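Each chain is listed here by its residues.
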Amino acid sequence: MAFEDKTTLELILNAAKEEFLEKGFKSASLRNIVKKAGVTTGAFYGYYTSKSELFKALVDEEYNFFMKSYKKALNDFESLPNEEKPSQMGNAGRDCMRRMIYYYDKHRDALKLILQCSEGTKYAFMVEEMIELELDGTHKYYEVLKSLGNEVPNIDPRLEHILVTGMMNAYFEMMIHDMPLDDAVHYLEELNDFYTAGWIKIMGQ
């Protein structure tokens, strides 16, 4: 890629990031992005075919990192011997969220775009996707506890959803509020201890 082309692409991406952060995906204007970048509409369409494709270029790598990391943490936990799972119940989530926090610290703008500016795109549902994955993992864990001879109380699915949604949103609040890394890591530990203790109590462990 020629230097001139690379510079043009960088101008477009920087202008797009500014526009999306300021107005969100739905209200952002391609006309404004092209104007801010100082390039022609033809130059823009040489790189991207739509506003959606442009937004994807700014956030897709980060979205995939978060989703793959969370799925891997759940799969790693499921691959443990059943006898080990109760003692490891809170650790997989803690380790995964810690990796996400450190990753977020180096990709703050992209995560802000996903968490606060992505309405109208598939990325707006990232947290909801993770909530559904966590609920599925929770149901599988109930069966593990039963297989180990534990009595698991019937938990209202509405309460499950409220608890998991609250937990996930609490983690992402640290990112939404642009918390300094050291504070985020500290509060992550406290949040994880809080929710792990709560789930142990509810599950009757």
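Computed from a predicted model, the values in this text were never measured in an experiment. (Residues numbered from 1 in each chain as written. Predicted model: local features only at pLDDT ≥ 70, side-chain atom pairs only at ≥ 80, totals over all residues. Heavy atoms only, no water.)

Before going further, it helps to spend a moment on the overall build of the chain. Regarding its fold elements, the chain presents 10 helices and zero strands. Helices and strands appear in the chain in the N-to-C order α-α-α-α-α-α-α-α-α-α. With the principal axes as the frame, the chain shows a C-alpha extent of 70 × 30 × 30 Å. Of all 205 residues assigned to the chain, the portion counted as buried reaches 40%. By sequence separation, contacts in the chain at least 24 residues apart represent 76% of the contacts at least 6 residues apart. Within the structure as shown, the chain displays about 11,400 Å² of accessible surface, and the carbon and sulfur contribution to it stands at 52%. Taking the 24 positively charged and 34 negatively charged side chains of the chain as two groups, their mean positions are separated by 4 Å. (Helix = DSSP H or I, 4+ residues; strand = E, 2+ residues; numbered from the N terminus. Buried < 20%, exposed > 50% of the residue type's maximum accessible area, 1.4 Å probe, protein only. Contact = heavy atoms within 4.5 Å. Areas by Shrake-Rupley, 256 points an atom, 1.4 Å probe, with all protein chains shown as cover. Lys, Arg positive; Asp, Glu negative; His and termini not counted. Charge placed at Lys NZ, Arg CZ, Asp CG, Glu CD.)

In the contact formed by helix 4 (residues 51-78) and helix 6 (residues 91-106), the axes pass within 9 Å of each other and the chain directions differ by 165°. The orientation of helix 4 with respect to helix 6, classified from their angle, is roughly antiparallel. Helix 6 is crossed by helix 4, and the crossing has right-handed handedness. Contacts from Glu61, Glu62, Phe65, Phe66, Ser69, Tyr70, Ala73 and Phe77 in helix 4 reach Ala92, Cys96, Met97, Arg99, Met100, Tyr103 and Tyr104 in helix 6. Each residue belonging to the contact of helix 4 with helix 6 can be placed in one class, and the counts come to 11 nonpolar, one polar and three charged. (Axes fitted to C-alpha atoms, helices over the stretch in contact; angles between N-to-C directions. Parallel < 35°, antiparallel > 145°, perpendicular 65-115°, else oblique. Left-handed = near helix turned anticlockwise from the far one by under 90°. Nonpolar A, V, L, I, M, F, W, Y, C, P; charged D, E, K, R; others polar.)

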